[in-house]
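Here is how the chains run, residue by residue.
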Amino acid sequence: MPRIKIDHTKCTGCRHCEAACSLNHVANTVNPRRARIRVMRDGNRYYPVIAGPFVDAACTSKQFIVIGDQTYDMCAFCRASCPQKPYFIEAETGIPLKCDFCGIPPSPSCVRWCNTGALELVED
Amino acid sequence: MNGWIGRCLRVNLTDGKHQIEKLDTDLLELYLGGRGLGVKVFTDEVDPNVDPLSPENKLIFCSGPLVGTGAITGASCNVITKSSLSGGLACAKMRGHFGAELKFAGFDMVIIEGQSELPVILSIIDDKVKLVPGLEYWGRSTAETEELFKKNLGDQWMARETYLVSIGPAGEKLLPLANLVNDRFLSVGGAGIGAVMGSKNLKAVAVKGQHSLQVADGSRFVQVINTLINKLNSAPLTSQSMSQWGTTFLVGLCYQKGILPRNNFRSTSQPLKNIGTEALNSAFALRGRGCFACPIACIKKADVKYSAFEGKGMVPTYLAIGTLGFNCGISDLSAIGMMSMLCGEMGLDPVATGGNFATLMELVEKKAVTPEELKIDISFGNADSMIEAIRLISTKKGYAKRLGQGGMAISESFNMPEIFMGVKGLSLAPFDPRAIQGMGLHFATCNYGPHHLYGYTFIDELLNVHENLDPLETQGKASLVKRYQDTSAVVDSLGLCNWPLMGLKFNNYVPMVNSCLGTNYKADDLLSIGERIWNIERIFNMKAGFNMGHDTLPERFFKEPIPDGPAEGQISHVKEMLPEYYQLRGWSEQGEPLQEKLQALGLEE
Ligand code: SF4
C-alpha cells in the first residue's frame, strides 16, 4: 500500500504542502486551515501531520512523546480530525478532512511541492 | 479578488478606533501591493517633513498579492514608514510567516496611525481586531514578548498558529538603531523602524485567521510552480549553497574577491583561517527553516555555542557576519552568532548596529575618544566588550546613551563625520564598493540607503548567474543597477523573495504572477511598475530633503585605495557612473525626475 513517509528532521516549516493540498482539494483556493496536511511546530522543530480518521480509542492510550531532550503532548502530533483541536475540520461545514492521496493512483500534491524530502511517497 | 484579499485595516492608536477599508483596484493595477502599494499610500497620506517619531507619522504593513497563495517564496510583508535614522522613507522586508498569516487574517494592509498613551499590542485574531494592554510586555525582549503573548492567549492551538512581529527594548527606548523582529528571531532589516513603532507605544502586532485566498487559474498555477521548483533544483546556488548555508556562503566568495570589508572598511584581507562554510558547519548545528512556501529555506537555525549564552539562536547571516563581525575586526563565529542573537532579542538592526560600533572603534583607534571616557573598552576585535555594549545600548542606561545614536550622529559629535561609513545616515551593508562597482553605484543611489536587498547586482557581478560581469568594471553597470533596482521594487511589491533570482530569471516569475492574479503582464510591464515605484520613492525622499548631494559614498572610497587583498589599489568610480545612471532613469543632471519620465510613468502631478 502506498503511504507518505514523513521525515520531520528535514522539514523546514515552509508549509508549502499545506498550500498545495488546499489548492488541490478546493478549486482555486488556498487556505492552510482547509488542508489535509498541517505542519505542527514546537519551538525549533516542525512536524508535518497528515489527516486521518478520528477514533476514541486513540485517546485512551494517549502517551507522551520524547524527542531529543523534550517531551511533547501526543495530541500535538495526532492525525485524527478530533473535536478537541481545530485541525482537519472544515471550518464552515464541520466535515472531518482526511488525506485521499490526491486520487487514484496516488499522486500527493504535498509530496510534489515538498522540496526538502521531508515528505516521500513510499510503497510497502 | 485573485491574490489580493482586497481589504485594508486602519487603526488609530490615539483614540483606539479602527476601520476596515476596501482597497482601490486602480491602485493595485499601478502598484501591485506590498512595497509599491504601501509606499503609494504612505506618500499620499504623510507629509514628507513630518517628525518620524511624532503621532503624525504612520506605520504601514503591507503584504503582496502573491503572498500566501503558495507562489514560491510568496511570504514577505513590507513595513513602510519614515525612518527615524535617515529621515527618508524606510521600507523593510519581513520574512517568515507573518506576511502570509496577515492575509489569512483577512487583510492585505494594516495602516497604523497616531500614538497610544499606554503600551498596547494590536491583535488581529480570527476576525477580531483588538488593542490588548501591553504594559506587562514592555521592557521584555522580542522572544519573551512572543512567548508571553501566546501563553496569555490561553488556547495552545490558537497560540501555535499565531504569528507576531514586535519591538524589543531598543525600540521602546526610541533608539535609532532599532528595528522589528518577527517569528521570534527574524530581524526586519530596516533601521529606525523600531523606534517609530516604539514612539507609537505599539509593542507588537499579532495575526491569525482563517480567510481563504483565491487564485485565478489554479491548475496552470500549480503547473508553473512545479516547473519553477524544478528550475530552482537544477541551479547550483539555490539548490545547494543557499539551501545548505543560507546567505553565509557569500562570506568565502566575497573574501576571495576582496569585497568583504574589515575594520570599518579599511582593509579587505582578513588574517583569518576560520571563515568558510566548513567553519560554519562546525560552529553550529545547522537546521534549515523556510519562509512560507519557500523551497530554498535559507534561514538557518542553530544552537549558539557560547559560554555566556544558553539559548536557541539563528546562524548569523552574511549581513551579520560582515557588519557585526569582520567589519568590527571580529572573526569568532560563535561570538558573532551571539551578537546577532542579542540584536534579535533587543530588537536592533544588525547592519546599523555593526556600523555604529565600527565607527566608534575607529574613533577610539584615532584617539578621538578614549575607552575610559566611553567607560567600555570598545576596540576592533574585542568581541566581549561589544557583546556587553549591545546589551547596554538597548537599555540606554547612563553612559550607554552615547554609544547607540547611530554611526553618523556619533562621528559628528566627535567632529569626524568622514569616519562614518554610510549613505543617507544608514550604514553600509558589508560590500566594499571599491571592489564591486555596480553595488557601489547602487549604494549611492538607493532610496533606502546602502543596502543590497534593494538592488542585488552581486548576483551578476559576483556570482555571475545571468551575466558574467567583472566586479571592478564600470562599463554597463549603470543599466545593471537600474534593472536590479526596478526588479527589487517589483519583487517586493509582489511579496516574493529576492533569492530565487540566484537561480531563476525574472521572466520566469511572469507566468506565476499571471496565473495567480489572472492578469496579462509581460516582464517589461512589471519592470515599468517597478520603475514607477522607484520614482515615487525618490520624489518623496527629495521632498524630505535629499538631493543629488546625497547620492554619493563616503569620501574614503574615492580617496583611499583598498590597501591590501585581491582588489588592492581600487577606488570607487561612482562619480563617473552617476550621470549615465541619471540619464537612464530619465532624471535631470541634478537627479530630479524629469517631466517626460513622470508622464510616461503616469505620475505627473
Ligand atoms: S530564500 Fe530564504 S529569505 Fe527567501 S523565502 Fe526562502 S527562506 Fe525566506
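If you're wondering where the values come from, they're calculated on a predicted model, not measured in any experiment.

What counts and how
Residues numbered from 1 in each chain as written. Chains lettered and ligands numbered in written order. Predicted model: local features only at pLDDT ≥ 70, side-chain atom pairs only at ≥ 80, totals over all residues. Heavy atoms only, no water. Pairing = 2+ DSSP bridges. Helix = DSSP H or I, 4+ residues; strand = E, 2+ residues; numbered from the N terminus. Axes fitted to C-alpha atoms, helices over the stretch in contact; angles between N-to-C directions. Core = buried A, V, L, I, M, F, W, Y, C linked by side-chain atoms within 4.5 Å. Buried < 20%, exposed > 50% of the residue type's maximum accessible area, 1.4 Å probe, protein only. Contact = heavy atoms within 4.5 Å. Near = heavy atom within 4 Å. Nonpolar A, V, L, I, M, F, W, Y, C, P; charged D, E, K, R; others polar. Salt bridge = Lys/Arg side-chain N within 4 Å of Asp/Glu carboxyl O. Phe/Tyr/Trp six-rings, centres within 6.5 Å; stacked < 30°, edge-to-face > 60°. Buried area = accessible area lost by both parts, 1.4 Å probe. Parallel < 35°, antiparallel > 145°, perpendicular 65-115°, else oblique.

Draft legend 1. A look at the sheet that holds strand β4 (residues 77-82) of chain B. All names here are of chain B. Within the open sheet, the 6 strands sit side by side as β2-β1-β6-β3-β4-β5. Their pairing is mixed. Each of the sheet's edge strands pairs with one partner strand only, and the pair in question is β2 (17-22) and β5 (89-94). Neighbour to neighbour, the strand axes of the sheet diverge by 15° on average, direction disregarded. By the bridge criterion, 4 bridges tie strand β3 (residues 59-63) to β4 in an arrangement that is antiparallel.

Draft legend 2. Main features of the nonpolar core. Residues and elements named next belong to chain B. Counting residues in each nonpolar core, the largest one holds 178 residues, and the members touching the most others are Phe-357, Phe-431, Phe-458 and Met-512. No other element matches the 9 residues that helix α22 (residues 523-543) contributes to this core. When sequence neighbours within four positions are dropped, the list of residues in contact with Phe-431 reads Cys-254, Ile-259, Pro-261, Phe-265, Tyr-318, Ile-436, Met-439, Phe-443, His-452 and Phe-458.

Draft legend 3. Structural view of the site of the ligand. Around the ligand sit Thr-73, Arg-95, Arg-289, Gly-290, Cys-291, Cys-294, Ile-296, Ala-297, Cys-298, Ile-299, Cys-497 and Trp-499 of chain B, and that is every residue in its neighbourhood. A per-class count over the shell around the ligand returns 8 nonpolar, 2 polar and 2 charged.

Draft legend 4. Structural context of the sheet that holds strand β7 (residues 120-125) of chain B. Residue and element names in this part refer to chain B. Taking strand neighbours across the sheet as the criterion, the 6 strands line up as β8-β7-β12-β9-β10-β11 in an open arrangement whose pairing is mixed. Among the strands making up the open sheet, the edge pair consists of β8 (128-133) and β11 (186-188). Looking at each pair of strands side by side, their axes are set apart by 20° on average, direction ignored. Alignment of strand β9 (residues 163-166) against strand β10 (residues 180-182), held across 2 bridges, turns out to be antiparallel. Pairing of Ser-166 across the sheet is with Val-181, part of β10. The sheet contacts of helix α4 (residues 142-153) involve β7, β9, β10 and β12 (202-208), and relative to β9 the element is tilted by about 140°.

Draft legend 5. Summary view of the pattern of salt bridges. All told, the structure shown has 40 salt bridges over all chains when counted by the stated rule. A salt bridge links Arg-289 of chain B to Asp-183 of chain B, with the nearest nitrogen and oxygen atoms 3.8 Å apart. One end of the pair, Arg-289 of chain B, is in strand β14 (residues 287-289); the other, Asp-183 of chain B, is in the loop between β10 and β11, with 106 residues separating them in the sequence. In this pair, the class of Arg-289 of chain B matches that of Asp-183 of chain B, namely buried. Among the ionic contacts, a cluster of salt bridges with common partners joins Arg-15, Glu-18, Arg-33 and Arg-38 of chain A together with Glu-101 and Glu-161 of chain B.

Draft legend 6. Highlighting the packing of aromatic side chains. Residue and element names in this part refer to chain B. In the structure shown here, the tally under the stated rule is 17 aromatic pairs over all chains. Here the aromatic rings of Tyr-448 and Tyr-454 are separated by 4.9 Å at their centres, their planes lie at 40°, and the arrangement is tilted. The exposure classification of Tyr-448 matches that of Tyr-454, with both residues buried.

Draft legend 7. Structural detail: the environment of Ala-118 of chain A. Residues and elements named next belong to chain A. Relative to the helices and strands, Ala-118 resides in the loop between α3 (109-113) and β7 (119-123). It is 27 Å that separates the C-alpha atoms of Ala-118 and Gln-84, two residues lying 34 residues apart in sequence. Not counting residues up to four positions away in its chain, the partners in contact with Ala-118 are Lys-5, Ile-6, Asp-7, Lys-10 and Cys-11.

Draft legend 8. View of the interface of chain B and chain A. Opposite the 45 residues of chain B that make contact, chain A presents 34 residues. For chain B, the biggest contributors to the area lost against chain A are Trp-157, Arg-160 and Arg-287 of chain B; these three give 24% of the whole. The interface formed by chain B and chain A includes 4 salt bridges. Here Arg-33 of chain A ties to Glu-161 of chain B by a salt bridge, and the two come within 3.1 Å at their closest N and O atoms. Breaking the side of chain B that touches chain A down by element, the ones donating at least two residues are α3 (98-104), α5 (156-161), β13 (213-214), α8 (218-234), β14 and β15 (299-303) of chain B. With 8 residues, the top contributor of residues to the side of chain B that touches chain A is α8 of chain B.

Draft legend 9. Here's a closer look at the packing of helix α13 (residues 333-346) of chain B against helix α16 (residues 383-395) of chain B. Residue and element names in this part refer to chain B. Two elements in contact, α13 and α16, have axes separated by 10 Å at closest approach and are oriented at 0°. In terms of orientation, α13 and α16 fall into the roughly parallel class. Listed contacts from α16 to Ala-335, Met-338, Met-339, Leu-342, Cys-343 and Met-346 of α13 are Ala-383, Met-386, Ile-387, Ile-390, Arg-391 and Ser-394. In terms of residue class, the contact of α13 with α16 is built from 10 nonpolar, 1 polar and 1 charged.

Draft legend 10. Here's a closer look at unusual backbone geometry. All names here are of chain A. Geometrically, the link from Ile-104 to Pro-105 is a cis peptide bond, its omega value of -10° lying close to zero. For Pro-105, the position within the fold is in the loop between β6 (70-73) and α3. Although it is not a glycine, Phe-88 sits at a positive phi angle of roughly 60°. Turning to its location among the elements, Phe-88 is positioned in the loop between β6 and α3. Owing to a relative accessible area of 1%, Phe-88 belongs among the buried residues under this scheme. Positioned with a positive phi, Phe-101 is a non-glycine residue whose angle comes to about 55°.

Draft legend 11. Region of the structure containing helix α18 (residues 437-445) of chain B. Residue and element names in this part refer to chain B. Most of α18 is tucked away: 9 of the 9 residues are buried. Buried within α18 are the following residues: Gln-437, Gly-438, Met-439, Gly-440, Leu-441, His-442, Phe-443, Ala-444 and Thr-445. Structurally, α18 contributes buried residues whose contacts are with β17 (422-423), α19 (458-461), α20 (477-494), α22 and α24 (574-585).

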